[in-house]
Amino acid sequence: MNLNSRIPSGPLEQKWSNHKMNLKLVSPSRRSNYTVLVVGTGLAGASAAASLSEMGYNVKSFCIQDSPRRAHSIAAQGGINAAKNYCNDGDSIFRLFYDTIKGGDYRAREANVYRLAELSNNIIDQCVAQGVPFAREYSGYLANRSFGGAQVSRTFYARGQTGQQLLLGAYGALMKEVGRGNIELFSRREMLDLIVDEAVKGITVRNLISGELETHMADAVVLATGGYSNVFFLSTNAMASNVTAAWRAYKKGACFANPCFVQIHPTCMPLEGDTQSKLTLMSESLRNDGRVWVPKRSGDTRNPSEIPEEERDYFLERIYPSFGNLVPRDVAARSMKKQCDEGRGVGEYKMSVYLDFGKAIDKFGKNVIFEKYGNLFDMYDRITGESPFQVPMRIYPAVHYTMGGLWVDYNLMSTIPGLFVLGEANFSDHGANRLGASALMQGLADGYFVAPATVSDYLASVDPIQKDKSSTLAEDSKQKVNQHISTLLKVKGNKTVDYFHKKLGQIMWNHCGIARTPKGLEEGLSLILELKERFWSEVNVLGSAKDLNQSLEKAGRVADFLEYGELMILDAMSRNESCGGHFREDFQTDKGDPLRNDKDFCHASVWEYKDKNQAPSRHQEELLFENVKLSQRSYE
Amino acid sequence: MMSKKITLNFKIWRQSSPEDKGKFKEYQLEDVSVSMSFLETLDLLNEKLVAQNEEPVAFDHDCREGICGMCGAMVNGEAHGPLKDTTLCQLHMRHFKDQDTLVVEPWRSAGMPVVKDLVVDRSALDRIVSSGGYISAKTGSAPDANATLIDKEKADLAMDAASCIGCGACVAACPNASPMLFVGAKISQLSLLPQGQPESLQRVEDMLDQVDEENFGHCSNTYECEAACPKSISVSNIARANRQSILKSLKG
Ligand code: FES
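Here the structure is a predicted model, which is why all the values come from computation and not from measurement.

Side note on the overall build of chain B
A count of helices and strands for chain B gives eight helices and seven strands. Principal axes of the C-alpha set define a box for chain B whose edges measure 60 × 45 × 35 Å. Looking at chain B as a whole, 60% of its 252 residues qualify as buried. Restricting to contacts in chain B with at least 6 residues of sequence separation, those with at least 24 account for 69%. Chain B carries 26 positive and 35 negative side-chain charges, and their two centres are separated by 2 Å.

In structure tokens, the structure reads:
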């Protein structure tokens, strides 16, 4: 496997501009000869489709929902970083780069991350021009805030709905091109196969309304299909978020990098029973004033108000006296899980800890606290029916974002020529852990600015596809997809798809979640293999393939998640260190801090699919750090 | 601490295809925990239906946190159910009583035809946006973000309008099936911002023309839309859009 990252030479600050000078161009008159398919319409997909179309390429855009505006980017709350330094507080492109690299626990490429920081400023300009209503000062200037423990105020935001507003901006750009007849929009389509013949040739999608399979041939394919958090069944992701497009590309030769890197968010709505379908994120800012505690005695079922101070364990304050409730996400999440595992969890299902504002309310008064957290308290109240002013909030960690993804080079091209991967679906910018407010930044940097340049470079080197030569490839692909679908429908067992998805989620959470051990991973692996077998003999998918069939859609996705979970575990087993979102209990300091192993693991693990009966092979892309010094975190 | 369980009687619209006439079917669902959301209750019902080899109820949903606009149905005649400012996915069962009967049907509007069960086709709303609901700012052409200052008040009003999630509840609630709250919100957002000014009048004309081309009715100011909107978008946005439209007709 030749993993050429194509990182340009030269000083860090000049790599992207030099590289752009060296990229080949397609002349405007020839661009309409080329067809580019963009799968997914989140921030990355919508912005890429719009930008490529504005350049003059033939673009087709695909999304799984009824409208491109529903993509999961819409749910991002917090904000988007940019190195504008509008606050004059010492921010710079280098500092944003440095924070992102460090936040990623030194498992991302310097060159990619620097480019991301560099492009961050253009993104804000672009979004404002599109009418994104960012928060403003009374002076009319853009407002900024500090986010996720950053020491500078570089986060732009639109109330608690930044993702929504950025997405609607990109959606507007996309729909402008659709309206002008430059983009053909295919909504309610699910990509089920990538057509490859040395280079990428197209995709096969299922029309989710008619059930029909359609193939679309093209000169390049852009995947912007998001992350794989839903392998855990419960996550903060939308219900339709899935790994299928990426997974099927993987099986066609696109390598998958760092699958075990997932981000877990400590402040989510707690689990309320086995009918719960998703977890909802609440802003981490809650930990600024809320105190995390559990009863000292396990199995204590008294109401929180009946538990006296001396019988409460404010465990974060106790274990991490200097950071207290503000320890980083992963540290807080691990600590919370440990309390619950040891039987001190609270709530009906004992799967939550208290986040108590009592002391803050006494100190600052109800009004001040309402000013700060009113909307979050309302949201909590709406979902749980409890007011945090009366009863302490309950929280529990949930999977929120996945850093791993399809491997891409500096051009965001995968190991399949002509297949580009953008946004959360690729692995490139966040290393082992993502900094707050940088997911939106990456999606838009990839889509508006990187892909238009690099996809052009690729197209300049290939001849436009001959439509007549592609029909056998298309037929072949359709037939295989058809087979897969009929196999699912034919099982006719007695368990629902969700039954398997929930079981898989439990295995992943317990064995490959917040804290991992070699033994636990081993067990998890055999449990998954068992479950996979049962799935293919016991699942019951009703209805037909010829119309809207949501169980069938879900069944295909869960089948892929079952395979994906296996790869995640293999990756977690082979990474013998703790870094970022990957915590191995056998690699920690005496104080319980994660222990990185830079000597042996300063690389991205890159998995190559072999075939059904053969284990995938693991390759490595070594990471070189020339501009930052690697350091260990410590939170004593 | 056990959360309460209730039994609910559902009357749910079942329609296998756009051509099918469709009818209500009754289901009784026991053991509904009041901490569940409305969509989780439908999940539970569907699990039971599959166990009895009956096809599950099709319904649209995605984020389940009230922001994507994918979910929605009429519950006892109200768009997104009885709770104000709430999408169906954020409606929890504690707002219902044991033995309540819930009549659940899809959005009803010629402009948003039923696809299957509770799923409707909202592509008309996308077409309205593609006719002009944007600012034409080509990638790469933008000046520095602070080059144009924007009144905070205006930016906030634009943000209020921009909170629309495009769910279609306004159309479903309107006796004339008019999408004017949806359209007005987009027109307002963009015309309030200096960046949206140059295209403002053309935008209004194009979007309203597209509304006429779709199978929607006309707004007669009943304000049902505002009452049903899960994001409490104000009808003042319709007035603002109408002013733009008048301006356009004056200028020709
Ligand atoms: S599912 Fe997204 S708004 Fe209800």
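Quick notes on the pattern of salt bridges
All names here are of chain A. For the coordinates displayed, the defined rule picks out 62 salt bridges over all chains. D409 is the salt-bridge partner of R6, the closest N and O atoms lying 3.2 Å from each other. With a gap of 403 residues between them, R6 in the segment before α1 (15-22) and D409 in the loop between β16 (405-406) and β17 (419-421) connect regions that are remote in the sequence. Residue R6 is classed as partly exposed on the basis of its relative accessible area of 34%. Overall, the relative accessible area of 3% leaves D409 in the buried class.

So, the interface of chain A and chain B
Opposite the 76 residues of chain A that make contact, chain B presents 76 residues. Buried surface at the junction of chain A and chain B, both sides included, amounts to about 6,400 Å², of which 51% is carbon and sulfur. The largest share of the area that chain A buries against chain B comes from A:R70, A:R136 and A:R382, three residues that together contribute 11% of it. Counting every contact that joins chain A to chain B gives six salt bridges. Close ionic contact of B:D160 with A:R159 constitutes a salt bridge, the shortest N to O distance being 2.9 Å. At the boundary of chain A and chain B, one finds 43 residue pairs in polar contact (both at pLDDT 80 or more). For the side of chain A that touches chain B, the secondary-structure elements that each account for two or more residues are α2 (43-55), α4 (110-129), α5 (162-179), α10 (366-384), α11 (439-460), α13 (497-512) and α15 (550-574) of chain A. The leading source of residues in the side of chain A that touches chain B is α5(A), at nine residues. A breakdown of the residues in the side of chain A that touches chain B according to their chemical character gives 28 nonpolar, 29 polar and 19 charged.

Describing unusual backbone geometry
Residue and element names in this part refer to chain B. Positive phi, close to 55 degrees, is recorded for D85, a residue that is not glycine. With respect to the helices and strands, the residue D85 is situated in the loop between β4 (78-79) and β5 (101-105). Although it is not a glycine, D117 sits at a positive phi angle of roughly 45 degrees. Locating D117 in the fold gives a position in the loop between β6 (114-116) and β7 (119-120). Take D117: its relative accessible area is 2%, and that puts it in the buried class.

Criteria and thresholds
- Within any chain, residue numbers begin from 1 and follow the written order of that chain's sequence.
- Chain letters start at A and ligand numbers start at 1, both assigned in the order the entries are written.
- Residues qualify for local features only when their pLDDT is at least 70, as the model is predicted, and side-chain atom pairs are given and counted only at 80 or more; totals for whole chains, interfaces and linings, by contrast, use all residues.
- As a rule here, side-chain values come from all non-hydrogen atoms in the structure, and water together with hydrogens is ignored.
- The helix count covers DSSP runs of H or I at least four residues long, the strand count covers runs of E at least two residues long, and both are numbered beginning at the N terminus.
- The buried label goes to any residue with under 20% of its type's maximum accessible area, the exposed label to any with over 50%, and the partly exposed label to all in between, with areas taken from a 1.4 Å probe on protein chains only.
- A contact between two residues is defined here by any heavy atoms of the two lying within 4.5 Å.
- Counting rule for charge: Lys and Arg are taken as positive, Asp and Glu as negative, and neither His nor the chain ends is counted.
- Each charge is placed at NZ for Lys, CZ for Arg, CG for Asp and CD for Glu.
- One speaks of a salt bridge when a side-chain nitrogen belonging to Lys or Arg is within 4 Å of a carboxyl oxygen belonging to Asp or Glu.
- In this description, buried area is defined as the sum, over both parts, of the accessible area (probe of 1.4 Å) that is lost when the two are combined.
- N or O atoms within 3.5 Å of each other form a polar contact, as long as, within protein, one can give a hydrogen and the other can take it, and as long as residues adjacent in sequence are counted only when both atoms are side-chain atoms.
- Throughout, the ten residues Ala, Val, Leu, Ile, Met, Phe, Trp, Tyr, Cys and Pro are labelled nonpolar, Asp, Glu, Lys and Arg are labelled charged, and all others, Gly among them, are labelled polar.

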